[in-house]
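Residues per chain are reported as follows:
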Amino acid sequence: MGLQPNIARRRSFALKQCNRCGASQTPDAFAPTKSIFYPDGVLPICNSCIADYLEAHDFDWEAVNKVC
């Protein structure tokens, strides 16, 4: 057994609005996370916006670090 916290994580939504583009999307459009700051278990920015951001910054390590 690991020492990971037992924090309830659930994708209790049918649609979620991306904080960047505002589009309502299904849970599979968002990257999963184990962060305690996101109790629904996914990031608040959709995968498409994350990809656009990284491409716009030419996958620079500083941009990647900001996403992480």
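Going by the structure above, here's the rest.
Bear in mind the structure is a predicted one, so any value in this text is a computation, not a measurement.

Parameters and conventions
- Residues numbered from 1 in each chain as written.
- Predicted model: local features only at pLDDT ≥ 70, side-chain atom pairs only at ≥ 80, totals over all residues.
- Heavy atoms only, no water.
- Helix = DSSP H or I, 4+ residues; strand = E, 2+ residues; numbered from the N terminus.
- Buried < 20%, exposed > 50% of the residue type's maximum accessible area, 1.4 Å probe, protein only.
- Contact = heavy atoms within 4.5 Å.
- Areas by Shrake-Rupley, 256 points an atom, 1.4 Å probe, with all protein chains shown as cover.
- Polar contact = N/O pair within 3.5 Å; in protein donor to acceptor, adjacent residues only side chain to side chain.

This part takes up the overall build of the protein chain. Scanning the protein chain from N- to C-terminus turns up 2 helices and 4 strands. Traced from its N-terminal end to its C-terminal end, the protein chain shows the element sequence β-β-β-β-α-α. For the protein chain, the residues scored as buried account for 28% of the 68 residues in total. For the protein chain, the share of sequence-separated contacts (at least 6 apart) that also reach a separation of at least 24 residues comes to 41%. As displayed, the protein chain has an accessible area near 5,300 Å², and 55% of this comes from carbon and sulfur atoms.

As a further point, take the side chain of K16. Note that K16 resides in strand β1 (residues 16–17). Apart from the residues lying within four places of it in its own chain, the contact partners of K16 are A23, S24, Q25, F30, D40, V42, L43 and P44.

The residue L54 is located in helix α1 (residues 47–56) in this model. Along the primary structure L54 and K66 are separated by 12 residues, whereas in three dimensions their C-alpha atoms are 9.8 Å apart. With near-sequence residues (within four places) excluded, L54 lies in contact with F59, A63, V64 and V67.

On to unusual backbone geometry. Phi is positive for D58, which is not a glycine, with a value near 50°. Along the chain, D58 turns up in the loop between α1 and α2 (61–67). Looking at D58, the relative accessible area reads 64%, which means it is exposed.

Looking now at the environment of R20. With respect to the secondary-structure elements, R20 resides in the loop between β1 and β2 (24–25). Given the relative accessible area of 49%, R20 is considered partly exposed. Among residues more than four places away in sequence, those in contact with R20 are I45, C49, D52 and Y53.

This brings us to the side chain of T33. Relative to the elements of secondary structure, T33 occurs in the loop between β3 (30–32) and β4 (42–46). Looking at T33, its side chain comes within polar contact range of the main-chain nitrogen of S35, at 3.1 Å.

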